[in-house]
Amino acid sequence: MTSPSLKQIAEAALIAFGGPLTLDRILELFPEEERPERTQLLDAIRELETDYRTRGIELVEIAGGFRIQVRASLAPWVARLWDEKAPRYSRALLETLSLIAYRQPITRGEIEDIRGVAVSTNIIKTLTEREWVRVVGHRDVPGRPALYATTRKFLDYFGLRSLNDLPPLAAIRDPDSFLGEELTLSDPKVEVADR
């Protein structure tokens with residue numbers, strides 16, 4: 001019986017784990033005396049990326065490491081496998097999350113000043129329960145308000161390696177250039193919950 005290749009072991013680990021794995025975590029699968037070099041593992045990962053280029057899955061690097069996922073272009077078909085609908089987030093929640101992502105660390109009061117409306121406790125609760133944001137400290141002012149920042153889970157969920165992968169604010173201010181045709185595909189009859 002031949003032993004499996006490094007590429008096969010890495011692929012099996014990524015599929016079995018079901019989430020992102022760092023190179024260090026994959027290397028821990030090997031006994032100390034059989035542990036490959038980091039560069040060897042990275043080469044095996046790059047080979048897997050190449051193997052998947054023409055397939056329905058892809059290997060991507062995000063903040064939490066590497067993960068195997070369905071290609072985004074195939075998501076509409078694959079999503080039909082699940083009866084439940086993808087969660088729909090209110091405009092207020094997305095605005096709050098965006099402000100935290102682009103202006104972190106930021107207090108709830110600062111978010112309210114920018115948005116011009118109060119931030120619902122449920123919004124902060126949802127963002128912290130999903131582990132997309134966390135308290136990273138407290139502002140040294142009366143009341144010592146919490147400072148919020150995004151987490152690695154936020155980056156992983158949105159497929160980002162770092163905050164530098166966020167689109168520039170100029171693109172967001174001009175949604176036509178950022179979203180292009182996606183704007184024309186939305187149904188004007190569908191109302192999005194606001195504030």
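Residues numbered from 1 in each chain as written. Predicted model: local features only at pLDDT ≥ 70, side-chain atom pairs only at ≥ 80, totals over all residues. Heavy atoms only, no water.

### A short note on the overall build of the protein chain
Logical step 1: The number of helices and strands found in the protein chain is 11 helices and five strands.
Logical step 2: Of all 195 residues assigned to the protein chain, the portion counted as buried reaches 29%. (Helix = DSSP H or I, 4+ residues; strand = E, 2+ residues; numbered from the N terminus. Buried < 20%, exposed > 50% of the residue type's maximum accessible area, 1.4 Å probe, protein only.)

### Quick look at the packing of helix α5 (residues 91-103) against helix α7 (residues 121-129)
Two quantities define a packed helix pair, namely the angle between the axes and the distance from one axis to the other.
Logical step 1: Interhelical geometry of α5 versus α7 gives an angle of 60° and a closest axis separation of 10 Å. Relative to α7, α5 is oriented oblique. In the packing of α5 onto α7, the handedness of the crossing is right-handed. When α5 is examined against α7, the residues Ala92, Leu93, Thr96, Leu97 and Ile100 are found in contact with a partner set consisting of Ile123, Ile124, Thr126 and Leu127.
Logical step 2: Of the residues belonging to the contact of α5 with α7, the class tally is seven nonpolar, two polar and no charged. (Axes fitted to C-alpha atoms, helices over the stretch in contact; angles between N-to-C directions. Parallel < 35°, antiparallel > 145°, perpendicular 65-115°, else oblique. Left-handed = near helix turned anticlockwise from the far one by under 90°. Contact = heavy atoms within 4.5 Å. Nonpolar A, V, L, I, M, F, W, Y, C, P; charged D, E, K, R; others polar.)

### A few points about the packing of helix α1 (residues 6-17) against helix α3 (residues 38-51)
Logical step 1: Closest axis-to-axis distance for the α1/α3 pair is 9 Å, and the angle between their directions is 70°. Comparing their axes, α3 and α1 come out roughly perpendicular. Residues Leu6, Lys7, Ala10, Glu11 and Leu14 of α1 pack against Gln40, Leu41, Ala44, Ile45, Glu47, Leu48 and Asp51 of α3.
Logical step 2: Taken together, the residues of the contact of α1 with α3 break down into seven nonpolar, one polar and four charged.

### Examining unusual backbone geometry
Logical step 1: For the bond from Gln104 to Pro105, the omega torsion is -5°, close enough to zero to count as cis.
Logical step 2: Assignment of secondary structure puts Pro105 in the loop between α5 and β3 (106-107).

### Quick notes on the pairing of strand β2 (residues 65-70)
Logical step 1: When strand β1 (residues 57-62) meets β2, the two strands line up antiparallel, connected through six bridges. In the strand pairing of β2, Leu59 is matched with Ile68.
Logical step 2: Between β1 and β2, which pair antiparallel in sequence order, lie two residues. (Pairing = 2+ DSSP bridges.)

### Observations regarding the side chain of Glu58
Logical step 1: Mapped onto the elements, Glu58 comes out in strand β1.
Logical step 2: The class of Glu58 is buried, set by a relative accessible area of 19%.
Logical step 3: A distance of 3.0 Å separates the side chain of Glu58 from the side chain of Arg71, its partner in a polar contact.
Logical step 4: Setting aside residues up to four positions removed in sequence, Glu58 forms contacts with Tyr52, Arg67, Ile68, Gln69, Val70, Arg71 and Ala72. (Polar contact = N/O pair within 3.5 Å; in protein donor to acceptor, adjacent residues only side chain to side chain.)

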